[in-house]
Amino acid sequence: MLMAGLDGIANKTEPPLPIDKDLYDLPPQEAAKVKSMPGSLEESLSALENDHAFLLKGDVFTRDVIETWLTYKRKKELDAIRLRPHPHEFALYFDI
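Notes on the structure in this doc start here. These figures come from a predicted structure and were not determined experimentally.

### Concerning the nonpolar core
- Core analysis: the largest hydrophobic core is formed by 8 residues, namely M3, L45, L48, F54, L55, I66, L70 and L78.
- Elements with a minimum of two residues in this core: α3 (41-50), α4 (53-56) and α5 (63-82).
- Here this core takes 3 residues from α5, the largest share from any one element.
- Not counting chain neighbours up to four residues away, the residues in contact with F54 comprise M3, A4 and D7.

### Quick notes on the layout of surface pockets
- For the largest pocket, the calculated volume is near 560 Å³.
- Lining the largest pocket we find 14 residues, and of these A4, M37, A47, D51 and F54 sit closest to its centre.
- Secondary-structure elements contributing two or more residues to the lining of the largest pocket are α1 (2-10) and α3.
- Top contributing element to the lining of the largest pocket by residue count: α3, with 3 residues.
- Looking at the second largest pocket, its volume works out to about 160 Å³.
- In terms of lining residues, the second largest pocket is bounded by P16, L17, I19, K33, V34, K35 and S36.
- Partitioning the lining of the second largest pocket into residue classes produces 4 nonpolar, 1 polar and 2 charged.

### Examining the packing of α3 against α5
- Between α3 and α5, the least distance of the axes is 10 Å, while the angle of their chain directions is 165°. With respect to α5, the axis of α3 lies roughly antiparallel. Like other packed secondary-structure pairs, α3 and α5 cross with a definite hand, here left-handed. Where α3 abuts α5, its residues L41, E42, L45, S46, L48 and E49 lie against W69, L70, K73, R74, E77, L78, I81 and R82.

### What to know about α5
- Between the first and last C-alpha of α5 there are 27 Å, a value that for 20 residues agrees with the 28 Å anticipated at 1.5 Å per step.
- The axis of α5 is deflected most strongly, by about 40°, at R74.
- Of the residues making up α5, those classed as buried are I66, L70, K73 and L78.
- Packing partners of the buried residues in α5 comprise α3 and α4.

Here is what the cut-offs are and how they apply
Residues numbered from 1 in each chain as written. Predicted model: local features only at pLDDT ≥ 70, side-chain atom pairs only at ≥ 80, totals over all residues. Heavy atoms only, no water. Core = buried A, V, L, I, M, F, W, Y, C linked by side-chain atoms within 4.5 Å. Buried < 20%, exposed > 50% of the residue type's maximum accessible area, 1.4 Å probe, protein only. Helix = DSSP H or I, 4+ residues; strand = E, 2+ residues; numbered from the N terminus. Contact = heavy atoms within 4.5 Å. 1 Å grid on protein atoms, 1.4 Å probe; cavity = no way out; pocket = protein on both sides within 12 Å on 5 of 7 lines; lining within 4 Å. Points joined across faces, edges and corners; volume = space filled by probe spheres on them. Nonpolar A, V, L, I, M, F, W, Y, C, P; charged D, E, K, R; others polar. Axes fitted to C-alpha atoms, helices over the stretch in contact; angles between N-to-C directions. Parallel < 35°, antiparallel > 145°, perpendicular 65-115°, else oblique. Left-handed = near helix turned anticlockwise from the far one by under 90°. Expected span 1.5 Å × (residues − 1). Bend = angle between axes of the 7 residues up to and from the residue.

Shown next, in the form of structure tokens:
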């Protein structure tokens, strides 16, 4: 997270303005303009795979480390998480 923050400072990245509306009630045209975070581990890994140059600065991480980590997550965790219910689902459906 520190590397991402430093990258934002170096690139003068400005966070988006806050939205003071109910996001669930936005019309489709307006909702399409709202950026969001990845919604799953798979989307997060793909986003990291597509944009990780900031982690290579200053030799903090190497390309090999990032590729190994992505491969491990995809092989060992992706299906395990995808195939099991989320704790909130237990609260919704099994909480008596």
